[in-house]
Amino acid sequence: MNNLPDWILLRLKQIIGDLPIPPIIPNLNKQIGLWAGVKSGRFPKPSGALGSNTSTWTVGDIRKLSRSLKAEGGEHRKAGAGPWPDDEVDQCTA
């Protein structure tokens with residue numbers, strides 16, 4: 001993801017993962033968790049939509065979210081961690 005420009009749009013399945021796509025933010029693996037974070041203002045609102053049922057976020061917004069979760073103590077790495085080692089999560093936020 002660190003090769004992508006900040007304006008590229010990501011779909012929900014790309015952020016939370018959907019086999020065979022690994023999640024960008026590993027323990028944010030349920031739609032409900034993402035939408036609850038958006039509703040509370042903790043996570044960014046979708047940047048756009050691809051049709052009526054497909055929300056999208058920019059790569060830049062997801063990088064900021066990943067950095068903020070990591071700064072809060074790596075919440076996205078707790079509870080079983082995701083499929084990526086820490087160094088790969090770091091690369092996504094570079």
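The model shown is predicted, which means the values in this text are computed figures rather than measured ones.

## Topic: the sheet that holds strand β1 (residues 9–11)
On the basis of which strands lie adjacent, the open sheet formed by three strands has the order β1-β3-β2 and antiparallel pairing. Across the chains shown, the open sheet's two edge strands, defined by having one partner strand only, are β1 and β2 (48–49). Pairing geometry for β2 and strand β3 (residues 55–58), over two bridges, is antiparallel. Opposite A49, over in β3, you have S55 as the bridge partner.

## Description of the environment of G37
Structurally, G37 is set in helix α2 (residues 31–40). In this structure G37 touches R42 and F43, once residues within four positions along its chain are discounted.

## Remarks on helix α3 (residues 59–71)
The first and last C-alpha atoms of α3 sit 18 Å apart over 13 residues, in line with the 18 Å expected at 1.5 Å per residue. Of the residues trailing α3, G73 is marked for its positive phi of about 115°.

## Quick look at the nonpolar core
Side chains that are nonpolar tend, in soluble globular proteins, to be buried together. Membership of the largest hydrophobic core comes to 14 residues, with the highest contact counts inside it found for L10, I15, I25, F43, W57 and I62. Contributions of two or more residues to this core are made by α1 (12–16), α2 and α3.

About the cut-offs
Residues numbered from 1 in each chain as written. Predicted model: local features only at pLDDT ≥ 70, side-chain atom pairs only at ≥ 80, totals over all residues. Heavy atoms only, no water. Pairing = 2+ DSSP bridges. Helix = DSSP H or I, 4+ residues; strand = E, 2+ residues; numbered from the N terminus. Contact = heavy atoms within 4.5 Å. Expected span 1.5 Å × (residues − 1). Core = buried A, V, L, I, M, F, W, Y, C linked by side-chain atoms within 4.5 Å. Buried < 20%, exposed > 50% of the residue type's maximum accessible area, 1.4 Å probe, protein only.

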